[in-house]
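Remarks on the overall topology
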Amino acid sequence: MLDGGQSPLMLLSGRLGDETVVTQQGIEVPGSASGKATGLIVLGMHRSGTSALAGALSVLGANLGGKLLEPAQDNRLGYFEHAGAVSINERLLAGLGLDWADWRAMPADWQAQPLTQRMRRVVRRLLSREFGHAGLWALKDPRLCRTFPLWREAARDAGLDDLRVILAFRHPAEVAASLYERDRMPASLGLLLWLRHLHEALQASRGLPVCGFDFRRLLADPVAALAEVGQRLELQWPTAPEAAADRLKAFVRGDQVHHSEPPLADCDRELLAQSVALFERLRDRADPTALADQAAAACAGTEERLRAQGWGAALEYLQRGMSGGAETALRLRRAALRQVASLDAALARAETLSLERLSQLQALDAQLGDTQAALARAEALSLERLEQIAALDRQVGEERVHAQRLAAERDALAQRAAELEQRAAELGAELAAIHASTMWRVWGPMRVIKRWLIAWRILR
């Protein structure tokens, strides 16, 4: 714990702000806004600043996965390593008879061994589960320098083949010094491990975009260093380094450099010279393919020379480490691997069952698709019928208004007819009264004469 009772993960969460969610499983960060899953593989020897680099990548929005290793005494801010990835790499190396401090090359046929093929399926499941969505993700573990060929194949199996490599490096003498301080490892062995990790990392990265990354540049100016990485690897950071400058500078500090001077008096001078020459070529951005060949030649030459010298102090240290407690640990690892093998068999059976269930779900999805299509057609037909009904409703409304208007006209005409009938009755009564009057009877003969004269045209 840090001052004030805060863990390193809590401290980093405060520096990341609202863009980061911290859970008991680790740090979850947003992915890239590019819409495509892009994987950043951080390769680098132990004690080369890979943890600081991975933490800085998380500040810029790279997704490191759901569960990270807890911080430890030798790395208080955290390793930023996916716990599952580290476990897989350790199990694989142990199954091959190696560990993190073994200077020997990986067995020539290690990728074809049954253990490796089982681990490939495990890695594919992990990558699909943790990073199968769109966005920018990153994976860091120094053991990846040796096991990356397996991870590269599994990523291709999972459809995550857009991989770009950041090759983190640090002066080999500083790496050896840091290993001496932490593990009391002889400088020659530290240099040989630095050389072996560099060679296998470069060899495994052939054909991929590779960007060398000097730890000292990160400490001096993290914003410029990460902006350059983005430019060289053609990345669109979810959070631009300039926008995260304060958080980067608060996280990447000079006091993260841990080493003391190693006992270089007993160091193999030719090995030191070869390592420094390779470091300088890395810093000068030499071609990765040429560097891989040079590192391979240096590894082979150093191994042959140290064997001729009776193994030397570095190899004696390794053999002492493989005895006693380390040998017991190896036996325990092998026992654990047998248990893991049974678990892998159970996982394989579960995977077969999952595939069957997936096939059933796909069939149900197809039926659901047909049903949804039929519902869509019925819905379209219903909308068409609704439109027709609405049109008929409008027509009925118009006819109803017209009928009301005709009814009003009919009522008006009926009233007028009643008035006319009443007037006709009044006129009839008046005419009857006239006919009944004395004057009408007196003038009767005169009317007859008038009609006769008019008929004979005498009176006009």
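None of the values given here were measured: they were computed from a predicted structure.

Conventions adopted
- Residues numbered from 1 in each chain as written.
- Predicted model: local features only at pLDDT ≥ 70, side-chain atom pairs only at ≥ 80, totals over all residues.
- Heavy atoms only, no water.
- Helix = DSSP H or I, 4+ residues; strand = E, 2+ residues; numbered from the N terminus.
- Buried < 20%, exposed > 50% of the residue type's maximum accessible area, 1.4 Å probe, protein only.
- Contact = heavy atoms within 4.5 Å.
- Areas by Shrake-Rupley, 256 points an atom, 1.4 Å probe, with all protein chains shown as cover.
- Phe/Tyr/Trp six-rings, centres within 6.5 Å; stacked < 30°, edge-to-face > 60°.
- Lys NZ or Arg CZ within 6 Å of the ring centre and 35° of its normal.
- Core = buried A, V, L, I, M, F, W, Y, C linked by side-chain atoms within 4.5 Å.
- pLDDT = per-residue confidence, 0-100.
- Pairing = 2+ DSSP bridges.
- Axes fitted to C-alpha atoms, helices over the stretch in contact; angles between N-to-C directions.
- 1 Å grid on protein atoms, 1.4 Å probe; cavity = no way out; pocket = protein on both sides within 12 Å on 5 of 7 lines; lining within 4 Å.
- Points joined across faces, edges and corners; volume = space filled by probe spheres on them.
- Nonpolar A, V, L, I, M, F, W, Y, C, P; charged D, E, K, R; others polar.
- Bend = angle between axes of the 7 residues up to and from the residue.
- Salt bridge = Lys/Arg side-chain N within 4 Å of Asp/Glu carboxyl O.
- Polar contact = N/O pair within 3.5 Å; in protein donor to acceptor, adjacent residues only side chain to side chain.

The next thing to look at is the overall build of the protein chain. Tallying secondary structure elements over the protein chain gives 16 helices and six strands in all. Split into buried and exposed, the 460 residues of the protein chain put 40% on the buried side. Sequence-distant contacts, at least 24 apart, represent 78% of the contacts inside the protein chain between residues at least 6 apart. On the protein chain, roughly 24,700 Å² of surface is accessible, and the fraction owed to carbon and sulfur atoms is 56%.

What follows deals with the packing of aromatic side chains. Summed over all chains, the structure comprises three aromatic pairs. Seen in terms of ring centroids, Phe-131 and Trp-137 are 4.6 Å apart; in terms of plane orientation they differ by 15°. Their pairing is stacked. Between Phe-169 and Phe-279, the aromatic rings sit 5.8 Å apart at their centres with planes inclined by 75°, giving edge-to-face as the arrangement. Here Phe-279 lies in helix α11 (residues 269–283) and Phe-169 lies in strand β5 (residues 163–169), a separation of 110 residues in the sequence. Each member of the pair Phe-169 and Phe-279 is classed as buried. Against the face of Tyr-180 rests Arg-184, its NZ or CZ located 4.8 Å from the ring centre.

Among the nonpolar cores identified, the biggest contains 63 residues, and Ile-41, Leu-43, Leu-127, Trp-137, Phe-148, Trp-151 and Trp-194 are the most heavily contacted of them. With 11 residues, helix α7 (residues 187–204) is the single largest residue contributor to this core. Of all hydrophobic cores here, the second largest spans 35 residues; its members include Val-42, Leu-57, Ala-138 and Phe-215.

The predicted model of the protein chain averages 81 in pLDDT, with 80% of residues at 70 or higher. The low-confidence segment residues 1–34 (pLDDT under 50) makes 65 contacts with residues lying over four places distant or belonging to another chain. For residues 322–330, every residue scores under 50 in pLDDT, and the model assigns this stretch six contacts once sequence neighbours within four places are set aside.

Positioned with a positive phi, Arg-47 is a non-glycine residue whose angle comes to about 65°. Here Arg-47 shows up in the loop between β3 (38–43) and α2 (50–59).

What follows deals with the sheet that holds strand β6 (residues 210–214). Here we have four strands laid out as an open sheet, ordered β4-β3-β5-β6, and parallel in their pairing. Every other strand in the sheet has two partners, leaving β4 (136–140) and β6 as the edge strands with one partner each. Adjacent strand axes in the sheet meet at a mean angle of 25° when their direction is disregarded. Pairing of β5 with β6, which is carried by five bridges, proceeds in the parallel orientation. Across the sheet, residue Val-165 finds its bridge partner in β6, namely Val-210. Running at roughly 165° to β3, helix α5 (residues 144–157) makes contact with β3, β4 and β5 of the sheet. Docked against the sheet, helix α9 (residues 222–232) engages β5 and β6, running at close to 170° with respect to β6.

A word on empty space enclosed by the protein. In this structure the tally under the stated criterion is three cavities of 30 Å³ or more. Lining the largest cavity are Gly-44, Met-45, Ser-48, Cys-145, Leu-167, Ala-168, Phe-169, Trp-194, His-197, Leu-198, Ala-201 and Leu-282. Listed by contribution, the elements that provide at least two residues to the lining of the largest cavity are β5 and α7. Looking at the lining of the largest cavity element by element, the count peaks at four residues for α7. A class-by-class count of the residues in the lining of the largest cavity yields nine nonpolar, three polar and no charged.

The largest bend along α5 measures about 35° and falls at Leu-150. For α5, the buried fraction is high: 10 of the 14 residues fall into the buried class. Within α5, burial applies to Leu-144, Cys-145, Arg-146, Thr-147, Phe-148, Pro-149, Leu-150, Trp-151, Ala-154 and Ala-155. The elements touched by buried residues of α5 are β3, α3 (83–95), α4 (114–131), β4, β5 and α7. One or two steps after α5, the chain reaches Gly-159, where phi turns positive at roughly 80°.

Taken as a whole and judged by the stated rule, the model has 20 salt bridges. Residue Arg-129 is joined to Glu-130 by a salt bridge in which the shortest nitrogen-to-oxygen separation is 3.7 Å. On the accessibility criterion, Arg-129 (55% relative accessible area) is exposed. One salt bridge in this structure joins Arg-410 and Asp-411, with 3.3 Å as the shortest N-O distance.

Looking now at the side chain of Glu-200. Structurally, the position occupied by Glu-200 is in helix α7. Among the polar contacts made by the side chain of Glu-200, one reaches the main-chain amide nitrogen of Met-106 at a distance of 3.4 Å. When neighbours within four sequence positions are excluded, Glu-200 is seen to be in contact with Ala-105, Met-106, Cys-145 and Arg-146.

This part takes up the pairing of β3. Taken across its six residues, β3 has six buried, putting it largely inside the fold. Sheet analysis places β3 next to β4, joined by five bridges and oriented parallel. Counterpart to Ile-41 in the pairing with β4 is Leu-139. Taken together, the five bridges between β3 and β5 define a ladder with parallel strand orientation. Within β5, the residue paired with Ile-41 across the bridge is Val-165.

The next subject is the environment of Leu-233. Examined against the element boundaries, Leu-233 turns out to sit in the loop between α9 and α10 (245–251). Along the backbone, Leu-233 and Val-210 are 23 residues apart, and their C-alpha atoms lie at a distance of 7.4 Å. Beyond its immediate stretch of four places on either side in the chain, Leu-233 contacts Leu-40, Arg-164, Val-165, Ile-166, Pro-209, Val-210 and Cys-211.

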